[in-house]
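# Geometric and topological summary
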Amino acid sequence: MSQISDLLFDTTVAAASLKDFLAGGRLRLGVTGLSRSGKTVFITSLVHHLTRAVAAHGRKNQLPVFRVAAENRLRSAHLDPQPDDAVPRFSYEEHLSALTGADRHWPQSTRRISELRVTLEYDRKSAGLLSSFRPGPARLDIDIVDYPGEWLLDLPLLEKSYAQWSRETLEAASAAARATIAADWRGATAGVEPQEPASEDVARKLAALFTNYLRAAKTERFALSTLPPGRFLMPGELEGSPALTFAPLPVEEGSAPPSGSLAAMMERRYEAYKTHVVRPFFRDHFARLDRQIVLVDALAALNSGPAAVRDLETALADVLTAFRTGRSNLLSTIFRPKIDRILFAATKADHLHHTSHDRLEAVLRHLTSRAIERAEGVGATIDVIALAAVRATREAIVKHDGESLAAIVGTPIEGERIGDDVFDGVAEGAIFPGELPADPRHVFRGDALALAEEDADFRFLKFRPPIASLGRDKEPLPLPHIRLDRAMEFLFGDRVG
Ligand SMILES: Nc1nc2c(ncn2[C@@H]2O[C@H](COP(=O)(O)OP(=O)(O)OP(=O)(O)O)[C@@H](O)[C@H]2O)c(=O)[nH]1
Ligand SMILES: [Mg+2]
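All of these numbers come straight from a predicted model, not from anything done at the bench. Throughout, a residue's number is its position along its own chain's written sequence, starting from 1. Whichever chain is written first is A, and whichever ligand is written first is 1; the rest continue in order. Residue-level local features of this predicted model are given only where pLDDT is at least 70; pairs of side-chain atoms are given and counted only at 80 or more, and the full residue set underlies all totals for whole chains, interfaces and linings. Values shown for side chains rest on all heavy atoms present in the structure; no hydrogens or waters enter the calculation.

### Some thoughts on the sheet that holds strand β2 (residues 74-80)
A pair of strands counts as paired when DSSP detects no fewer than two bridges linking them. Under the scheme used here, helices are H or I runs from DSSP no shorter than 4 residues and strands are E runs no shorter than 2 residues, and both carry numbers assigned from the N terminus. The mixed open sheet is built from seven strands, whose spatial order is β2-β3-β4-β1-β5-β6-β7. The open sheet has two free edges, formed respectively by β2 and β7 (381-386), since each of these has just one partner strand. Here the strands of the sheet are splayed against their neighbours by 20 degrees on average, with no regard to which way each runs. As defined by bridge partners, strand β6 (residues 341-346) adjoins β7 across six bridges and the pair is classed as parallel. Each residue of the ladder has a partner; that of Arg341, found in β7, is Thr381. An axis is simply a line fitted to the C-alpha atoms; with a helix, the fit covers only the stretch in contact. Between two such axes, the angle follows the N-to-C directions and lies from 0 to 180 degrees.

This is the structure we're talking about:
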């Protein structure tokens, strides 16, 4: 980046940060995670719990660890218009009626950025100096921003040259777990010369094969966490544009490719991707966040085996690198990206018996530990949690061959099967979810979820959301969850003290 554009870029970020700072009583909460990690369900359940906490008074408190609610200081929580007019609104009502309606089902996949403001009115814990200036309940506007984790993994590109990114991407593709799915694309890459004259046909062919490889890596069978560029799999309106029609080539780092060459064309497009996709996301969204939760479907990776787990560990390290991006140059050290708390959350913990919830947390802690150690300069408090935004199962002891086994029970979604039995979406099913290892280091071994072979395919049956009970107003009350209140307390509990 030239110095002038560097300066303009940072000044825009600074202006946005200052505006947010002056407004006060506001918190921008980023919710991210790779696709299907549980972002939509998390936000919907979080907002439902906040906005219905007061209606649910008198019932068992569902948020004992979220202090403002547990101490009965939350007066109200309601949705307000969001501050950013150009960002799609998070379709809260639609997602909530999917989860809690008569035909209860999980919400649709979303794949784009969206935003929702929820405003909390609460009593301060102690009537300090501030409340004599501002009598009545205090207020906190929480702007929740849901964005794909794939965009976050793009941020480190801002500090990488085309040559460096190419080298890393080609190296990663040669790893055993990726080599087969990368074979076609790598074969085609080996068949071209970076110095040969630029050709749109060649660029399109390589970009298409590269995209196929990225797509294959993400399927359930491999469950590999993605490599950038994130928009190759979710192009939106940029589909077919030059900024999305490039692929890595083995070029030398530090030397410019000859003009008119294929490598020069690819490099220009890679830079265009950074300018038109990555940088605007950093400036308009990421740099304005105060807090961040990163949702991780660790169970899907564990289910796929050690290669997926190792890949997830790398992706988590990249996520932490993303939080360091933009903190290195002069102006951004004055107006630093402000994220001061980051929570890594293993989602869907309701697929495990509660005896394994702490173990799931330990696994995620283990997977992030090396990255956290290296993440000096992130300048944020980082914590790790295992949660279920919606608890779709309950626990039971099932007798099996004279033994008592801890099982989880729920309504599998229509079409799920155990052996030859196909579920109809109405009948309940019990599964023995298996135990996570007591020593989290064992997740890198093939037997992480120790279970008999024949159990393997139904270990992660998908369950329907549970039936919501209705409040006095006949509207659904919040669904059960696991440790959602702990996440709330970490993410914004200090701001409503
Ligand atoms: N049992 C259970 N399943 C969950 C939970 N959260 C998410 N899921 C499952 O995970 C799927 C994906 O959840 P979403 O919230 O749509 O994930 P997302 O990250 O928004 O996905 P994209 O919009 O595709 O990026 C859901 O359809 C459910 O099957 C949970 O708390 N419990
Ligand atoms: Mg979503």
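Having seen it, we continue.
### Notes on the side chain of Lys160
Within the element layout of this structure, Lys160 appears in the loop between α6 (149-152) and α7 (162-173). Here a polar contact is taken to be a pair of N or O atoms separated by no more than 3.5 Å, where protein atoms must pair a possible hydrogen donor with a possible acceptor and residues adjacent in sequence count only if both atoms sit in side chains. Within the structure, the side chain of Lys160 is placed 2.8 Å from the side chain of Glu168, a separation counted as a polar contact. Not counting residues up to four positions away in its chain, the partners in contact with Lys160 are Glu168, Tyr270 and Lys274. Contacts are assigned to residue pairs with any non-hydrogen atoms lying within 4.5 Å of each other.

### Let's talk about empty space enclosed by the protein
Here a cavity is any set of points on a 1 Å grid over the protein atoms alone where a 1.4 Å probe fits but cannot get out, and a pocket is any open set with protein on both sides within 12 Å along at least 5 of 7 lines; a residue lines the site when it has an atom within 4 Å of a point. Grid points are joined across faces, edges and corners, and a volume is the space filled by probe spheres set on the points. Counting across every chain of the model gives one cavity of 30 Å³ or more. Put simply, the largest cavity is a space of about 40 Å³. Contributions of two or more residues to the lining of the largest cavity are made by α2 (39-52) and α4 (92-100). Any residue that is not Ala, Val, Leu, Ile, Met, Phe, Trp, Tyr, Cys, Pro, Asp, Glu, Lys or Arg is counted as polar, Gly included; the first ten are nonpolar and the last four charged. Taken together, the residues of the lining of the largest cavity sort by class into four nonpolar, four polar and no charged.

### Description of the site of ligand 1
Nearness is defined per residue: one heavy atom within 4 Å of the molecule or strand is enough. Taken together, 19 residues sit near ligand 1, with Thr40, Val41, Ser109, Thr110 and Asp350 positioned nearest. The side chain of Asp350 places a nitrogen or oxygen atom 2.7 Å from a nitrogen atom of ligand 1. Ala389 places a main-chain nitrogen or oxygen 3.2 Å from an oxygen atom of ligand 1. Reported accessibility uses the Shrake-Rupley method at a 1.4 Å probe radius. Residues are deemed covered only where the shown protein chains occlude them. For ligand 1, whose free accessible area comes to 650 Å², the fraction covered by protein is 95%. Split by residue class, the shell around ligand 1 holds seven nonpolar, seven polar and five charged.

### Topic: the packing of aromatic side chains
Any two of the Phe, Tyr and Trp rings considered here, Trp counted by its six-membered ring, make a pair once their centres fall within 6.5 Å; the pair's planes then place it as stacked at under 30 degrees, edge-to-face at over 60, or tilted in between. One pass over the full model with this rule turns up 19 aromatic pairs. Each residue in the set Tyr162, Trp165, Trp185, Phe210, Tyr213, Phe232, Phe246, Tyr270 and Tyr273 is aromatic and connected to the rest through ring pairs, giving one cluster. Here, a charge over a ring means that NZ of Lys or CZ of Arg falls within 6 Å of the ring centre while also lying within 35 degrees of the ring normal. Sitting over the face of the ring of Trp151, Arg231 holds its NZ or CZ atom 3.7 Å from the ring centroid. Its end group placed over the ring of Phe490, Arg341 keeps NZ or CZ at 5.3 Å from the ring centre.

### Section: the coordination of the magnesium ion (ligand 2)
Taken together, Thr40 (OG1) and Thr110 (OG1) make up the full set of protein donors to the magnesium ion (ligand 2), lying 2.0 Å away. Pair noted here: Thr40 is in helix α2 and Thr110 is in the loop between α4 and β3 (114-122), with a separation of 70 residues, a long-range link. Note on Thr40: relative accessible area 9%, which makes it buried. The buried label goes to any residue with under 20% of its type's maximum accessible area, the exposed label to any with over 50%, and the partly exposed label to all in between, with areas taken from a 1.4 Å probe on protein chains only. Judged by its relative accessible area of 29%, Thr110 falls in the partly exposed class. Donors, by definition, are the N, O and S atoms found within 2.8 Å of a metal, the threshold being 3.2 Å for Na, K and Ca, and water is not counted, so a site can look incomplete.

### Remarks on helix α8 (residues 176-190)
For α8, with 15 residues, the first-to-last C-alpha span of 18 Å runs short of the 21 Å given by 1.5 Å per residue. A residue's bend is the angle separating two fitted axes: one through the seven residues that end there, the other through the seven that start there. A maximum bend of about 70 degrees is found in α8 at Ala182. Within the span of α8, buried status applies to Arg178, Ile181, Ala182, Trp185, Ala188 and Thr189. Looking at the buried side of α8, the elements it contacts are α7, α9 (200-218) and α12 (306-324). One less than the number of residues in a helix, times 1.5 Å, gives the span that helix is expected to have.

### Points about the environment of Leu34
Its location among the elements puts Leu34 in the loop between β1 (26-33) and α2. Residues Leu34 and Asp297, spaced 263 residues apart in sequence, show a C-alpha to C-alpha distance of 8.2 Å. Non-local contacts of Leu34, meaning those with residues more than four positions away in its chain, are made with Lys39, Gly149, Glu150, Leu153, Lys218, Ser225, Thr226 and Leu295.

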